[in-house]
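Take a look at the letters that make up each chain.
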There are 2 protein chains.
Amino acid sequence: MKEKLRKQYEARAKIAKAMAHPSRLLMLDLLQKQEMCVGELTEQVGADQSTVSKHLAILKEVGLIDVRKAGALSYYRVTCGCLDGFFSCMETVLLSDVKGRQKSLK
Amino acid sequence: MKEKLRKQYEARAKIAKAMAHPSRLLMLDLLQKQEMCVGELTEQVGADQSTVSKHLAILKEVGLIDVRKAGALSYYRVTCGCLDGFFSCMETVLLSDVKGRQKSLK
DNA sequence: TTTGTACTTGGTAATATGGCAATATAGCCA
DNA sequence: TGGCTATATTGCCATATTACCAAGTACAAA
């Protein structure tokens, strides 16, 4: 059954796609350190509140973040503890990419 | 200097974006196990060869893969060894997401 | 040089994404 | 209830992605 594999890659791609935006990466980074409400995030990100809300919906949709509602406030936080691995791997790729480009310039 | 941080998130987002497609994830998975030429990948992915070639260019652009040319053939391979961490984290998110959804249905 | 194989690149149409403004919804307090 | 604050949703537009076909390049064998 090859169908199942394809669906698995699609599911993974959704997660990667959810992370494929600088604002959302910043938000994940912030929310990993501590939970924050939309207003705080909006200030940090520096975009329109509606835009931030949309980004949050995307991250929540794939399960990367979760909400806790307290009155009129929505506190978001990261659900998984493995994001640091993601980020450090990205840094590795970025660094080796720089090295690779330098080598190819010689 | 907040500018520098923003650029870092943009750089990371490019990597995430490069991975944000099921075919490219499959290709990364395959190329991590062994290097392959475009023809072999095309067969595995099941898309047009030009499409596969473009996906490869995207992955190469961000430094996730590298080429080795042997005559008329182009052998691609993954450059970094930390992709397994990526994939397993994605699985974690997917699993916890399923659990979360089940819980919210109760 | 001609022919064939292996890739890559350019063109194009369909679809998806990202941003802001405007509007809607929800909780709180007077 | 009415008004205020905090979020979420919707509409619309500009831009980005993706896929395929067609055309182009590169290497190799004849």
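Structure first, text after, so check above.
Definitions and limits used
Residues numbered from 1 in each chain as written. Chains lettered and ligands numbered in written order. Predicted model: local features only at pLDDT ≥ 70, side-chain atom pairs only at ≥ 80, totals over all residues. Heavy atoms only, no water. Helix = DSSP H or I, 4+ residues; strand = E, 2+ residues; numbered from the N terminus. Rg over C-alpha atoms; globule rule 2.2 N^0.38 Å. Near = heavy atom within 4 Å. Polar contact = N/O pair within 3.5 Å; in protein donor to acceptor, adjacent residues only side chain to side chain. Nonpolar A, V, L, I, M, F, W, Y, C, P; charged D, E, K, R; others polar. Expected span 1.5 Å × (residues − 1). Contact = heavy atoms within 4.5 Å. Buried < 20%, exposed > 50% of the residue type's maximum accessible area, 1.4 Å probe, protein only. Pairing = 2+ DSSP bridges. Buried area = accessible area lost by both parts, 1.4 Å probe. Salt bridge = Lys/Arg side-chain N within 4 Å of Asp/Glu carboxyl O.

Draft legend 1. The overall build of chain A, seen in detail. When helices and strands are counted, chain A shows five helices and three strands. Taken from N to C terminus, the helices and strands of chain A fall in the order α-α-β-α-α-β-β-α. Radius of gyration (C-alpha) of chain A: 17 Å, far over the 13 Å computed for a compact globule of 106 residues. The C-alpha extent of chain A, read off along each of the three principal axes, is 60 × 45 × 25 Å.

Draft legend 2. Focus on the protein's contact with DNA strand C. Lining the immediate environment of DNA strand C, one finds 21 residues, of which Lys54 and His55 of chain A together with Ser53, Lys54 and Tyr76 of chain B sit closest. Backbone atoms, meaning sugar and phosphate, make up 60% of the atoms of DNA strand C lying within 4 Å of the protein. One of the backbone N or O atoms of Asp48 of chain A is found 3.2 Å from a phosphate oxygen in DNA strand C. Here Tyr76 of chain B contributes a side-chain N or O atom positioned 2.6 Å from a phosphate oxygen of DNA strand C. Only helix H4 (49–61) of chain A together with helix H3 (38–45), helix H4 (49–61) and strand E3 (73–78) of chain B provide two or more residues apiece to the surface near DNA strand C. Per-class residue counts for the surface near DNA strand C are six nonpolar, 10 polar and five charged.

Draft legend 3. Region of interest: H4 of chain A. All names here are of chain A. Taking 1.5 Å per residue as the helical rise, H4 with its 13 residues ought to reach 18 Å, and the 18 Å between its terminal C-alpha atoms agrees with that figure. Contact partners of the buried residues in H4: helix H1 (2–19), helix H2 (22–33), helix H3 (38–45), strand E2 (65–70) and strand E3 (73–78). Directly after H4, the chain includes Gly63, whose backbone phi takes a positive value near 90°.

Draft legend 4. Region of the structure containing the pairing of E3 of chain B. Residues and elements named next belong to chain B. In E3, alternate side chains face the same way, and those of Ser74, Tyr76 and Val78 are buried while those of Leu73, Tyr75 and Arg77 on the opposite face are not. In the sheet, strand E1 (residues 36–37) pairs with E3 via two bridges, with the strands oriented antiparallel. Each residue of the ladder has a partner; that of Met36, found in E3, is Tyr76. Hairpin connection between strand E2 (residues 65–70) and E3: a loop of two residues separates the two successive antiparallel strands, and Gly71 in this loop has a positive phi of roughly 65°.

Draft legend 5. Spotlight on the environment of Glu40 of chain A. The residue Glu40 of chain A is located in helix H3 in this model. With relative accessibility at 36%, the residue Glu40 of chain A sits in the partly exposed group.

Draft legend 6. Main features of the interface of chain A and chain B. On the side of chain B, 35 residues touch chain A, which itself brings 35 residues to the contact. For the pair chain A and chain B, the two sides together bury roughly 3100 Å², of which 71% comes from carbon and sulfur. When the area that chain A buries against chain B is broken down by residue, the three leading residues are Tyr9, Arg12 and Val93 of chain A, summing to 21%. Summed over the shared surface of chain A and chain B, the result is four salt bridges. In this structure, the salt-bridge partner of Asp29 of chain B is Arg12 of chain A, at a minimum N-O distance of 3.9 Å. On inspection of chain A and its partner chain B, the count reaches six residue pairs in polar contact (both at pLDDT 80 or more). Looking at the side of chain A that touches chain B, the elements that each hand over two or more residues are H1, H2 and helix H5 (83–105) of chain A.

Draft legend 7. Quick peek at the pattern of salt bridges. Under the criterion given, the structure shown has 10 salt bridges over all chains. Close ionic contact of Arg68 of chain A with Glu35 of chain A constitutes a salt bridge, the shortest N to O distance being 2.4 Å. A residue pair is termed long-range when its members are at least 10 positions apart, and Arg68 of chain A in strand E2 and Glu35 of chain A in the loop between H2 and strand E1 (36–37) qualify at 33 residues. Measuring nitrogen to oxygen at the nearest pair gives 4.0 Å for the salt bridge that ties Arg77 of chain A to Asp66 of chain A. Taken as a pair, Arg77 of chain A in strand E3 and Asp66 of chain A in strand E2 lie far apart in primary sequence, 11 residues in all. Classification of Arg77 of chain A as partly exposed rests on a relative accessible area of 37%. With relative accessibility at 31%, the residue Asp66 of chain A sits in the partly exposed group. A cluster of three or more residues bridged by salt bridges with shared partners is formed by Arg12 of chain A together with Asp29 and Glu91 of chain B.

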